[in-house]
Every structure is written in C-alpha cells, then in structure tokens.
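Working through the structure, step by step
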Amino acid sequence: MLIYLNLAAVLAVTGYAFYLFFQIVYSRYLFVKLGKKPEFELNLKERLNSVLVNGFGQRKLFKDKKSGLMHFILFYGFFIIQIGLIEIIIKGFIIGYEFPLGTIHKYFSLMQEWTTFLMLCGILYALYRRYGEKLKRLQLRRDVKAAVVYIALTTLTLSILFTLGFETVMLGHDPNFVYAPFSGVIATVFSGIGKTTATVFFFIFWWLHLLTVLSFMVFVPQSKQAHELFALFNLFFKKVGPVGKLRKVDFEDEEAEEFGVGKIENFTQQQLIDLYACAECGRCTNMCPASGTGKMLSPMELILKMRNHLTEKGASITSRTPWMPVFAFKDARANQLALQGMGGNSEVAAAVEMPNLIGDVITEDELWACTTCRNCEDQCPVMNEHVDKIIDMRRYLVMTQGEMPAEASRYFHNIERQGNPWGSNRNERIKWREGMEDIIKTVEETPEFDVLFWVGSMGSFDMRSQKIARSFARLMDKAGVRFAILGNEEKNSGDTARRLGNEYLFQELCTENIEIFKTYGVRKIVTIDPHAFNTFKNEYPEFGLEAEVVHHTQLLANLLKEGKLKPTKRVEEKVAYHDSCYIGRYNDIYGSPRDILRAIPGMELLEMERNRANALCCGAGGGRMWMEEREGTRVNIARTEMALQVNPTVIGSNCPYCLTMLSDGTKAKEVEEQVRTLDIAEIIEKSIEF
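For the structure given in this document, a descriptive report is provided here. Bear in mind that the values here come from a model prediction, so they are computed numbers and not experimental data.

The interhelical angle for the contact between helix 5 (residues 144–171) and helix 6 (residues 181–189), taken along N-to-C directions, is 55 degrees, at an axis separation of 8 Å. When the interaxial angle is binned, helix 5 and helix 6 end up oblique. For helix 5 against helix 6, the interelement crossing comes out right-handed. Where helix 5 approaches helix 6, its residues Leu161, Phe162, Leu164, Gly165, Thr168 and Val169 are matched on the opposing element by Phe182, Ser183, Ile186 and Ala187. Broken down by class, the residue content of the contact of helix 5 with helix 6 amounts to 7 nonpolar, 3 polar and no charged.

Dropping the structure here:
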C-alpha cells in the first residue's frame, strides 16, 4: 500500500514540477519570439563548431583557469549524475534495484560516486570563490539566487551519497570502499542504527533528492541558471561571419517606423536569446574599460536590465505569468502585469505604462560610454554580443530621436562638410606627403600600382599620425612595393560614424568609397588605421567591395619574411607593445606586430599584464576619441599606467588612435621624455638602412 501511495505522490509532484517548468520555458520562448526574425544563414559547420568548442569544450571559461576547471566538473558532473538519478528513483519502488549491467555495474557505481564527490568539491570551491575569496567579478551582483544555487547543488550531491549509504545499511550489505567509497563511509558511520531506521532515512534522503532535483528544475529557467537552457541555443543561433560585424540598416524599407532600436521587441530574436543566456558571471564587466575606470556602463548589468525589461514587457504583451509557482512570486511586477485581468487583451496590455528602453531602463550615459572594444564579448562564456545592442540603441538616438552628445554632432557635421573629423579643408588631405612626392604618388599620377595605401583621416590631417604615414611609405618604397594614394579623392571610411550610430552617413561614405575603388581598379588596400581596416575587410563587402584588405603590420611582417626589408641597425629599446582592439579582438591579429619587433636587432619586447585578447582598450574606439571623458579615470591613463609597470623606454602601437591616446597618457603622467610612443612602422624604420 505504501508503495502505491509513494508512487502516487511521486507522479503528482513530478507532474506538477514538469508543468511549471514547461510553462516557464514556454513563456520565455514567447518573449523571445516578440523580437524581429533575424537573417539566418545555416552555416551548419560553423554553428556546430561554436557549440562544441564553446559549449561542450567550455573554451571561454578557461580564460580563468580555476573557474574553468570548477565549471567543467560541474557541467559534466551534472549530466553524469542524472543517469544515476534514474536508478535512484527506481530504488524507491524496487528495493535494492540496480541497472542490469552485470559485473560492469560496479564501475558505474564508482563513476557515480567520484563524480558526485568531485561535484561537491566544485560547489564548495565555487562557494569559497564568491564568499571567501570574494572574487571581484562575483561581487558585482549579489542576491539570494546565487546562494540558492549553492544550497540546491550541495543538497543534490549530499542526498545522493546519503541515499546510497542508508541503502547499504537497509539491505544489510557490507560497505564497499573500492567501488562505493563515499557512500561506504556513510554506511559505516550509521551501521548501528538498524535496518528499520535505515529504511526511514533512506526514504527521507530519497525524497529530499527527488524534491531538490525537481525544485531546481523549476528554479533554473527563472534564475541566473537559465543559461543552462539558453546557452547552447545562443551558441548555435549566434551571428556567423566576422566578429563584431554590425547589421545593415535598410533605408529603403518603407514600413520602417524607426531606425535603430528604441523598443526591446525591435531587437532580433537572436539578440534576445542573449539576454536569457547570460550567466551573470561578471567576466564582461570585470574586463570592460568603461566599467573599470568608473563609468556608468556595466556590460553585465546592461544585459540583465534588458532581460528584466523583456520579461516584464513580455508578460504585459502576452499576458503570461513569467514566474512560477505564482504564490512564491506574488510581489513580482511582471506577475502583476500578467495577472491584472488582461486575458490576452492587447488593448489592455497596451494601456499598461511600461518604462522606456532608452532613458528608463538603459541610460544614455551608459550607451555613450562604450568604446566598442569587444573585451566584454571576448570574455563571455556563452558568447553574448553586447556591442551590437549598444550600437542599435545609439542608432535610435541619432537617426530617430536626433539626440546625441554635442561632440558627436560636431563630428558628423565636420565629416559631412569636409570629410574629416576636424573640419579642415578637404583639399589639404594630400598635404601630408609634401617633400615626398617622388615616392608617394596618387592614383592619377601613377596608374600602374599594386596596392592602394589608404592613409585615413588621422594619417592625413593629424600631425603626429602623419609621421606614421610617412614612415610606412618610406618602408614600402624601400621594399619595392608599387603603391599609390587617393590624395584629395580619399574620403573618411565611415567606421566611426557607424559606431556612433549614424548608419546613414556610414552607408553614404561606404558607397562613395567603393565607387572610387572601382574607378581605379583597386584590388588590394593597405592602411595604418585598424578601424578602416576592419570596416573595409569585414563590413564593406556587404555593400559590394571586392578587394584584399591588409593592415600595415601584416604587410611589413610579410616583407620581412620575403627578405624585402632587412633590419640591420641595432635599436636598443625596451618596447611595451599595445594590442589595438580592431586589429586584435576584431581580427585576431597578434603575431605579425610581434614578429616585426622580434626581428629588430637589440629590441626587447615587453608584454603588459593585459595583452593580446585581454588587452585593455586605449579609450578611443566607438567614437570616444572625439568625446570628453567626464566620469572616473581616463581610460588612456589606465592603459598607460599598465604600460609603465613593465618599465619600457617605448610604448609601441599599431594604430594612430591608440598612439594619440597613449601619447596623451605619457604626458599626463609626465614621463614623455623618458618613455616615447611610437608606431610599429616608426620603430622598424630605425633599423633599416636607406
């Protein structure tokens, strides 16, 4: 009789738990469906590779090796013990049941016991990391839900071992310390309590384990653990192609009510999956240059505020309760909205006053603080994309609302009027080559050229960056590269305008530039500007560009390998090399600049604490070059201080923007006489015999 009552109770509890679980998951599915359908390219191989490498391989998590190992154990341990869960549940109805594995079962038991024990160790270590070591990134968002996870997983693992331990006593078996070592210890400790008492404790822990599993299942989709459900979907459906590539705005869409994104439901469904996939690990915010220097922006908080807004608005629109069981979340605003008698009435739903995405949920200061460096995205274990969401909201402010910082407005005006950020006369763009006309010729002056040297606005108008352009031109000439420039026909690449939210201006410049390239039959472009390099290489092809695009450090590294450039003069310098964001994280180019520096006799290459993919942004990206920093520490000062820690004589860079920011940093630290700032081209030029 008790067996049947037990079965009835199990079926009732399990059925209720699965009902709640599927209701919660279905609600979030409907909330995501509110977004716009994205353009989906199957690219099955690339998508499966993303899931295998970053999902099952946990690649990003191992950027923090300790946390990576801990999470790896918990991730796979959780799946492994679920196999044992089936056996344990059957044990509650068939006393002493074991999977019919014969002699192999003892190895199954061994695997389950050690997996459970290792999981317990992992949980305790995670607990220590958060509450003992107080890891900074885990203190960014402290709430009771994190504690619930630790309690649930600890109860889950311990209840397995105690259930098996009391089963051994209940059945009168001798503890097996070889194949069931941990439950064997528990059985030994409680060996004297008798079979009847052991049976009672067996069922107590059996029920505790079952209830913990079911409760955790219901808890997961409505907590930070929701990433366990959404992460693999996020990895599979994420954008394919170049990282950081922005969506094209269709200005010919006559049905478009706004440009950019001003409402949460106007993001794509893929972007909305990001919100529920967030693991709340704080890795993004921990590496963010804006957050790290005291700005309002926290990439993690940005995602979580958007997620909560989507849940709240989704509940209002769909009239579905997002939190279950309802009685446990009766004070939740989203539940109140869903349960206010809407009954699916869209008119009632529309009448409910919701906060504005931009202004109420996400502040404008947060949006303009971003340097678009992608440090957040590079660190994210579930590969969430923060930057495109920020740019989409900037687009809304600029193109729909006409709202932007005064510096951004001035930048757009100067680009539109004179084709450069300073508003200098566009006919002075070619003046940087004065005195070098014999080796630097325009496309009109020398129709026979192999490479178009895109100088960029910095190289053309900024006096410090002009030195980089001249050094690079001398090196190309020395190596016998047939190159030409556009001269006064060169325009701005439009990259900064795009990152600042002015997609219209970007597309206008992009179209004009591509037409010029076609006019002169350009097949290969080299540039000293990583921002132009990235947008030409990864974004212009969508608009029709067909040309090979290389960065000047790539070209120089190749010329060295081919023996066309031979550094022979000793350069006794200690160079702290700075990886720029748009060469590094956007295009994974870390080797060629270092190869160049290592090829120089007498040169000592120094690595900063944060280098390569972890390198801190200089602070100039995303249009920040042209905007004042009014909060916290200046990003360029923070990066300069990192460079000075390794005691260099030179801070080396591959980007005119970075060089400007680092030069300002050395001046602010009053070390410009002791520590110079040079581009890679300027450094190698010192070692070449002309």
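Another aspect to go through is the sheet that holds strand 8 (residues 676–679). Ordered by their spatial adjacency, 4 strands build an open sheet running 6-5-7-8, and the pairing between neighbours is parallel. With partners counted over all chains shown, the strands left at the sheet margins are strand 6 (603–607) and strand 8, one partner each. On average, adjacent strands in this sheet sit at an angle of 35 degrees to one another, irrespective of strand direction. Relative to strand 6, strand 5 (residues 573–577) is paired through 5 bridges, and the arrangement is parallel. By the bridge assignment, Glu573 is partnered in strand 6 with Met603. Against the sheet, helix 27 (residues 656–668) makes contact with strand 7 (650–653) and strand 8, and its axis sits at roughly 175 degrees relative to strand 8, the strand it touches most.

Turning our eyes to something else, we now look at the environment of Ser183. Structurally, the position occupied by Ser183 is in helix 6. Sequence separation between Ser183 and Leu659 is 476 residues, and the spatial gap between their C-alpha atoms is 62 Å. Sequence-distant contacts of Ser183, defined by excluding residues within four places in its chain, comprise Glu113, Leu161, Leu164 and Gly165.

Let us look at a nonpolar patch on the surface. Together, Phe40, Leu42, Leu44, Leu48, Leu52, Phe56, Leu232, Phe233 and Phe237 line one region of the surface with nonpolar side chains, adding up to about 800 Å² of accessible area. Only helix 2 (44–56) and helix 8 (227–237) provide two or more residues apiece to the nonpolar patch. Per element, the largest residue contribution to the nonpolar patch is 4 residues, and it comes from helix 2. Structurally, Leu48 can be placed in helix 2. When its relative accessible area of 41% is taken as the criterion, Leu48 is described as partly exposed.

Thresholds applied
- Residues numbered from 1 in each chain as written.
- Predicted model: local features only at pLDDT ≥ 70, side-chain atom pairs only at ≥ 80, totals over all residues.
- Heavy atoms only, no water.
- Axes fitted to C-alpha atoms, helices over the stretch in contact; angles between N-to-C directions.
- Helix = DSSP H or I, 4+ residues; strand = E, 2+ residues; numbered from the N terminus.
- Parallel < 35°, antiparallel > 145°, perpendicular 65-115°, else oblique.
- Left-handed = near helix turned anticlockwise from the far one by under 90°.
- Contact = heavy atoms within 4.5 Å.
- Nonpolar A, V, L, I, M, F, W, Y, C, P; charged D, E, K, R; others polar.
- Pairing = 2+ DSSP bridges.
- Patch = residues over 30% accessible without salt bridge, like charges linked within 9 Å, V, L, I, M, F, W, Y side chains within 5 Å.
- Areas by Shrake-Rupley, 256 points an atom, 1.4 Å probe, with all protein chains shown as cover.
- Salt bridge = Lys/Arg side-chain N within 4 Å of Asp/Glu carboxyl O.
- Buried < 20%, exposed > 50% of the residue type's maximum accessible area, 1.4 Å probe, protein only.

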